[in-house]
Amino acid sequence: MTELATRLTDAERLAELDLDQLRQLVGLVDHDPSQDPFPVSGWDAVVWAVGNAVQTTHFFRSAFGMDLVAYAGPETGLRDRHSFVLEAGAVRFVIEGAVAPDSPVVDHHARHGDGITDIALEVPDVDKCVAHAEAQGATVLAAPYEISDEHGTVRLAAIATYGDTRHTLVDRSRYHGPYLPGYVTREGKALGPRTFQALDHVVGNVELGRMDEWVDFYRRVMGFTNMAEFIGDDIATDYSALMSKVVASGNHRVKFPLNEPAIAKKKSQIDEYLEFYGGPGAQHLALATTDILAAVDHLRAAGIEFLNTPDSYYEDPELRARIGEVRVPVEELQKRGILVDRDEDGYLLQIFTKPVGDRPTVFFELIERHGSLGFGKGNFKALFEAIEREQERRGNL
Ligand SMILES: [Fe+2]
């Protein structure tokens, strides 16, 4: 008998999500964790290295409606950096910026610009996961270890993934502090309405010709499975010359689409990312929302810029026929540039921001799922035409 993957993580419970809501938000499926060589409970945190953590933290509080909940830095004994912990719904970001000129955060930022250093995952058994990963040839960056403070003990380890990105594995079942030992509670409520409730997927851009290798890495090392979504060179090369496959944890709580550039006449958006990020890295985070219209309205009012979708997208009779009935009139989507995709399970609404840092690298997606377990493959053409218009304006096409 299969059971629904796991219990809610603490973060999900505190966000007052129940399993039915989460199933709808991020497209969960049933899964039996007893057969899983690398059981994953869910996302733990997305850790960023940025040029100015003070201001980036303000940006996420004011524009994205995240709460500042914890902090570590020189005042708490972390000498080289600021580390701000933000939450919204079940999503946790950790924003790090260098204080000391010789901090490793300076090196990371010099090489990559604002970017994601760590996609940390919550696991029930750190040692089991690391033993499996090591046996499958993964690079173990940190063997299992524990840190403690008055709130309890956390068991951690870390394995390397694409580029300079890592997956820290976290068992926080014996811990009740605000984030990790060493962090203190810091209360800084969101400066605007919350715009999302959960993290749906994190996309990685990898080197030319290495997508299948990384798909295999997630299958072998982390026990992930392939999802159906696949963008091959047949539809890809006319637009933005990329190929894409998706791997997911057993219950689909953690989903990693992986892109590689494909050879084409023009420089693809993946090539542009790889050039400006200085190698492989996390390309976009998809934030799951229950009301994408309200989220977009708020984010735009707060100054967030989205990719424009051409009116022709909404006026295309073939598209209208394909998307069928959605929860709002198409005109409401058109006004905001929200894309629609439909598959045999249902539909989804999605929209993409422009890059949020100085380099044309990391950006966000907002996604509202209504049964669809896909990623918007049907929007490929419209979306990448829009991205290419932006690339052209930057002189990188
Ligand atoms: Fe996406």
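Residues numbered from 1 in each chain as written. Predicted model: local features only at pLDDT ≥ 70, side-chain atom pairs only at ≥ 80, totals over all residues.

1. Digging into the UniProt feature "binding site: Fe cation" (unreviewed entry) in the protein
Then, number 1: As annotated by UniProt and renumbered to match this structure, "binding site: Fe cation" (unreviewed entry) occupies His 201, His 284 and Glu 365. Across 165 residues, the annotated set stays spatially compact, with a maximum C-alpha separation of 9.3 Å.
Then, number 2: Along the chain, His 284 falls in strand 14 (residues 281–288).
Then, number 3: In contact with His 284, other than residues within four places in its own chain, are Val 203, Val 362, Phe 363, Phe 364 and Glu 365. (UniProt positions renumbered as here; feature names shortened; annotations may be inferred. Helix = DSSP H or I, 4+ residues; strand = E, 2+ residues; numbered from the N terminus. Contact = placed C-beta atoms within 7 Å.)

2. Points about the pairing of strand 15 (residues 339–343)
Then, number 1: Across 5 bridges, strand 15 lies against strand 16 (residues 346–352) in antiparallel orientation. What sits directly across from Arg 342, in strand 16, is Tyr 347.
Then, number 2: The loop that links strand 15 with its antiparallel partner strand 16 comprises 2 residues. (Pairing = 2+ DSSP bridges.)

3. As for the sheet that holds strand 7 (residues 152–160)
Then, number 1: Spatial ordering of the open sheet is given by 6-7-8-5-1-4-3-2-9, a layout of 9 strands whose pairing is mixed. Either end of the sheet is taken by a strand with one partner, and the two such strands are strand 6 (140–149) and strand 9 (184–188). On average, each strand axis in the sheet is tilted by 25° relative to the strand beside it, whichever way the strands run.
Then, number 2: Pairing of strand 3 (residues 81–88) with strand 4 (residues 91–98) involves 8 bridges; the strand directions are antiparallel. If you follow Glu 87 over to strand 4, its bridge partner there is Arg 92. (Axes fitted to C-alpha atoms, helices over the stretch in contact; angles between N-to-C directions.)

4. Observations regarding the sheet that holds strand 14
Then, number 1: With mixed pairing, the 8 strands of this open sheet are ordered in space as 11-12-13-10-14-17-16-15. For this open sheet the edge positions go to strand 11 (225–231) and strand 15, each flanked by a neighbour on one side alone. Between one strand axis and the next, the sheet turns by 25° as a mean value, whatever way the strands run.
Then, number 2: The pairing of strand 16 with strand 17 (residues 363–370) spans 5 bridges and is classified as antiparallel. By the bridge assignment for strand 17, Ile 351 is matched with Leu 366.
Then, number 3: Strand contacts of helix 2 (residues 19–26): strand 10 (198–205), strand 14 and strand 17, with the helix running at about 35° to strand 10, the strand carrying the most contacts.

5. Structural notes on helix 3 (residues 53–62)
Then, number 1: Those residues of helix 3 lying buried are Ala 53, Thr 56, Thr 57, Phe 60 and Arg 61. The buried residues of helix 3 occupy an angular sector of 140° when projected down its axis, which confines them to one face. Among the exposed residues of helix 3, those oriented more than 90 degrees off its buried face are Val 54 and Gln 55. (Buried ≥ 20, exposed ≤ 12 C-beta atoms within 10 Å, placed from the backbone. Arc of directions from axis to C-beta.)

6. Structural notes on the pairing of strand 6
Then, number 1: Note that strand 6 and strand 7 share 7 bridges and pair antiparallel. Along strand 7, the bridge assignment pairs Ala 142 with Ala 158.

7. Quick notes on helix 2
Then, number 1: Considered for burial, the residues of helix 2 that qualify are Leu 22, Leu 25 and Val 26. Within helix 2, the buried residues cover an arc of 70° as seen down the axis, which keeps them to one side.
Then, number 2: Its buried side turned inward, helix 2 meets helix 1 (10–14), strand 10, strand 14 and strand 17.
Then, number 3: At the C-terminal side of helix 2, Gly 27 shows a positive phi close to 70°.

8. Looking at the domain arrangement of the protein
Then, number 1: According to the domain assignment, the protein consists of domain 1 (10–188) and domain 2 (198–393).
Then, number 2: With centres defined by C-alpha atoms, the gap from domain 1 to domain 2 works out at 23 Å.
Then, number 3: Across the boundary between the two partners, domain 1 contributes 36 residues, which contact 38 residues of domain 2.
Then, number 4: Contributing elements (two or more residues each) for the side of domain 1 that touches domain 2: helix 2, strand 1 (42–49), helix 4 (104–112) and strand 5 (115–122).
Then, number 5: In the side of domain 1 that touches domain 2, the residues fall into 21 nonpolar, 12 polar and 3 charged. (Domains from an automatic or database assignment. Nonpolar A, V, L, I, M, F, W, Y, C, P; charged D, E, K, R; others polar.)

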